[in-house]
Amino acid sequence: MRLEVSLPTLFLVCAFAFAGLVQAQDKPAEKFRVEITGGYGSGEFAPGEKVHIWSATNSESVSGPWSGDVELLTDRQEWATSFLMPGRHVKFQVTQKAVPVKFSFEKFKGSNSSLKEVYYHFPSKMRGMVFIVHGTGGGADFIEKTETRALALTLIDSGFGVVSADAEEVASGDRNNDAKTRWSLKLTESNVDLKNLQALLIDFEKRALIRQDTPKFALGMSNGGAFSVFLGGIAASVVAKDFDRLKFNAVVSYCADANSKSLRKTQTPTAWYMCGHENHPEVSNKEAHENHMRLKRRGVYSEYAENPATPLYDERFSRLTDVSLQVSKLIVSEIRAAGLVDKNGFFNRNSSEVANFISANAEKFPTTVRLAKSTQRQLFQQIRVMSAEHALYSDFARRNVDFFEKFLPLQGEVKAGQSAR
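Note that the structure is a prediction, hence the values are computed from the model and not measured.

**Student:** It is not clear to me how the overall build of the protein should be interpreted in this structure. Could you clarify?
**Tutor:** Helix and strand counts for the protein stand at eleven helices and 19 strands. Along the three orthogonal principal directions, the C-alpha set of the protein runs to about 100 × 60 × 40 Å. Among the 421 residues that make up the protein, the fraction classed as buried is 50%. Across the protein, contacts joining residues at least 24 apart in sequence account for 68% of those joining residues at least 6 apart. About 20100 Å² of surface is accessible on the protein, with carbon and sulfur atoms providing 51% of the total.

The structure is reproduced here in structure tokens:
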């Protein structure tokens, strides 16, 4: 049987079909709800969108693992994580644990007469101790900075003691006339930084704060990262006998490619945690990765990872000790109103340009410019972290702990002043 359709009818059918297609294309994509308990990032998102979420930690707490629809998360252990939005509503929960630590503070001479500062905390049940090493121009108070403190509290909560000391040049001035105060990477028995740390550890032993066999680790930022890798190489170097206390189970370099000479004979497990948008002229992610591969080829355990940029959210600056949730929201509203972030919340210019813009347009940032100068510096440090520029970050805090835990003695935890059996 032959079906005949008139041209007018065919035209109407095609017209209706086209209208339906246009209507379908104009219809907004369906969005689903993200509900966060104990953190930030709630909202509505379309399937396939990348969603960032954050725990509501502060300077006296650490984040627990996420629960809920955790199979979606890139990392359920870290305080800040992300996922791709599915075609359904999702829920996440996270709790915070108080770790109200006040670091002990002292001044020590080490191997000479110049007074250097040291901050430390040793838990009553200690599995190992970690040197937290400042970068160029820094000092022992590096451990009190927002991101460093968050990392230190995570280590303490996991049973590690932490120590942060001045480099010799911080106390006695530029010793090699390079116009910078930093750690020395000279592999000689006269290296005063090595002599100072050796003396400091012996002093801790005499006071029964640690044992000689307490497992030791190091992590550092920038020049401190290079120095941490350098420390990892001491045990296999020509000066090993001179610095018998400087034997490390594992070391981590943040934002430093590290001198390849430090790696020639090292057997110490080493990790490089780099910034995705590294902008320091003396740091190369490519070289860091090459050093990582050198160790792997030699059979030494090594890790390499880059931290990506993350978006700004209303509560971000409440991570700073002197900034409340309300003040954080006011600061963020000023930044958004000035057009410094894109539609997804990412900064659309580098942190130096952001700082210069705020300085040149103070009238647009009344809340920001009223902050104490020290708080402003920490605020811009947060912007560097979000932009994945040259800055220490706590986004890998649990990953860092997991890395160190791989290289603890099998005997279990070590109490302060007590040897593992």
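**Student:** Where do I start with the state of the cysteines in this structure?
**Tutor:** A disulfide bridge is the covalent bond that connects two cysteines by way of their sulfur atoms. Overall, the coordinates contain zero disulfides when judged by the stated rule. Here Cys 255 stays unpaired: no disulfide links it, and the sulfur of Cys 275, its closest cysteine neighbor, is 3.0 Å away. You can call Cys 255 buried: its relative accessible area is 0%. Owing to a relative accessible area of 1%, Cys 275 belongs among the buried residues under this scheme.

**Student:** Any chance you could explain empty space enclosed by the protein here in plain terms?
**Tutor:** To find leftover empty space, a probe the size of one water molecule is rolled over the atoms. Under the criterion given, the structure shown has two cavities of 30 Å³ or more. For the largest cavity, the calculated volume is near 190 Å³. At the level of elements, β5 (61-63), α2 (146-157) and α11 (397-405) are the ones that each hand at least two residues to the lining of the largest cavity. In terms of residue class, the lining of the largest cavity is built from five nonpolar, nine polar and four charged. Lining the second largest cavity are Phe 131, Ile 132, Val 133, Val 163, Ser 164, Ala 165, Trp 183 and Leu 197. Going through the elements one at a time, β13 (128-133) and β14 (160-165) are the ones with two or more residues in the lining of the second largest cavity.

**Student:** Teacher, can you tell me more about the packing of helix α4 (residues 192-206) against helix α5 (residues 223-233) here?
**Tutor:** Between two packed helices, both the angle of their axes relative to each other and the distance between the axes serve to describe the pair. Taken N-terminus to C-terminus, the directions of α4 and α5 make an angle of 70°; their axes are 12 Å apart at the nearest point. The angle between the axes of α4 and α5 places the two elements in the roughly perpendicular class. Mapping the contact onto sequence places Asp 193, Leu 194 and Leu 197 in α4 and Phe 227, Phe 230 and Leu 231 in α5. Class assignment of the residues belonging to the contact of α4 with α5 gives a composition of five nonpolar, no polar and one charged.

**Student:** Would you explain the nonpolar core in this entry?
**Tutor:** Across soluble globular proteins, you tend to see nonpolar side chains buried next to one another. With 38 residues, the main nonpolar core has Ile 132, Leu 155, Leu 219, Tyr 254, Tyr 273 and Phe 404 as its most contacted residues. Every element with two or more residues in this core is listed here: β13, α2, β14, β15 (216-221), β16 (250-254), β17 (270-275) and α11. Counting residues per element, this core draws most heavily on α2, at five residues. Phe 404 has contacts with Val 130, Leu 155, Phe 160, Phe 217, Ala 218, Leu 219, Ala 250, Val 251 and Val 252, leaving out every residue within four places of it along the chain. Core analysis: the second largest hydrophobic core is formed by 28 residues, Val 118, Ala 167, Leu 231 and Val 239 among them.

**Student:** How should unusual backbone geometry be read in this particular structure?
**Tutor:** Across the chain, the bulk of peptide bonds are trans and the bulk of non-glycine residues have phi less than zero. You will see that Ala 208, though not glycine, has its phi angle at about 60°, which is positive. Tracing the backbone through its elements, the reader meets Ala 208 in the loop between α4 and β15. By relative accessible area, which is 46% here, Ala 208 ends up partly exposed. Positioned with a positive phi, Cys 255 is a non-glycine residue whose angle comes to about 60°. Note on placement: Cys 255 falls in the loop between β16 and β17.

**Student:** Would you mind showing me how to read the side chain of His 134 here?
**Tutor:** Among the secondary structure elements, His 134 is positioned in the loop between β13 and α2. Judged by its relative accessible area of 0%, His 134 falls in the buried class.

**Student:** How should the pattern of salt bridges be read in this particular structure?
**Tutor:** Between side chains of opposite charge, a pair can form when the charged atoms approach closely. Here the structure, examined in full by the defined rule, presents 21 salt bridges. Here Arg 149 and Glu 144 are joined by a salt bridge, their closest N and O atoms 3.2 Å apart. Note that Arg 319 and Glu 147 form a salt bridge whose closest N and O atoms lie 2.9 Å from each other. Placement of Arg 319 in the loop between β18 (302-307) and α7 (325-337) and of Glu 147 in helix α2 is noted, with a sequence separation of 172 residues between them. Accessibility assignment for this pair places Arg 319 and Glu 147 in one class, buried. Salt bridges here are not isolated pairs; linked through shared partners, they connect Glu 60, Glu 144 and Arg 149.

Rules of the game
Residues numbered from 1 in each chain as written. Predicted model: local features only at pLDDT ≥ 70, side-chain atom pairs only at ≥ 80, totals over all residues. Heavy atoms only, no water. Helix = DSSP H or I, 4+ residues; strand = E, 2+ residues; numbered from the N terminus. Buried < 20%, exposed > 50% of the residue type's maximum accessible area, 1.4 Å probe, protein only. Contact = heavy atoms within 4.5 Å. Areas by Shrake-Rupley, 256 points an atom, 1.4 Å probe, with all protein chains shown as cover. Disulfide = S-S within 2.5 Å. 1 Å grid on protein atoms, 1.4 Å probe; cavity = no way out; pocket = protein on both sides within 12 Å on 5 of 7 lines; lining within 4 Å. Points joined across faces, edges and corners; volume = space filled by probe spheres on them. Nonpolar A, V, L, I, M, F, W, Y, C, P; charged D, E, K, R; others polar. Axes fitted to C-alpha atoms, helices over the stretch in contact; angles between N-to-C directions. Parallel < 35°, antiparallel > 145°, perpendicular 65-115°, else oblique. Core = buried A, V, L, I, M, F, W, Y, C linked by side-chain atoms within 4.5 Å. Salt bridge = Lys/Arg side-chain N within 4 Å of Asp/Glu carboxyl O.

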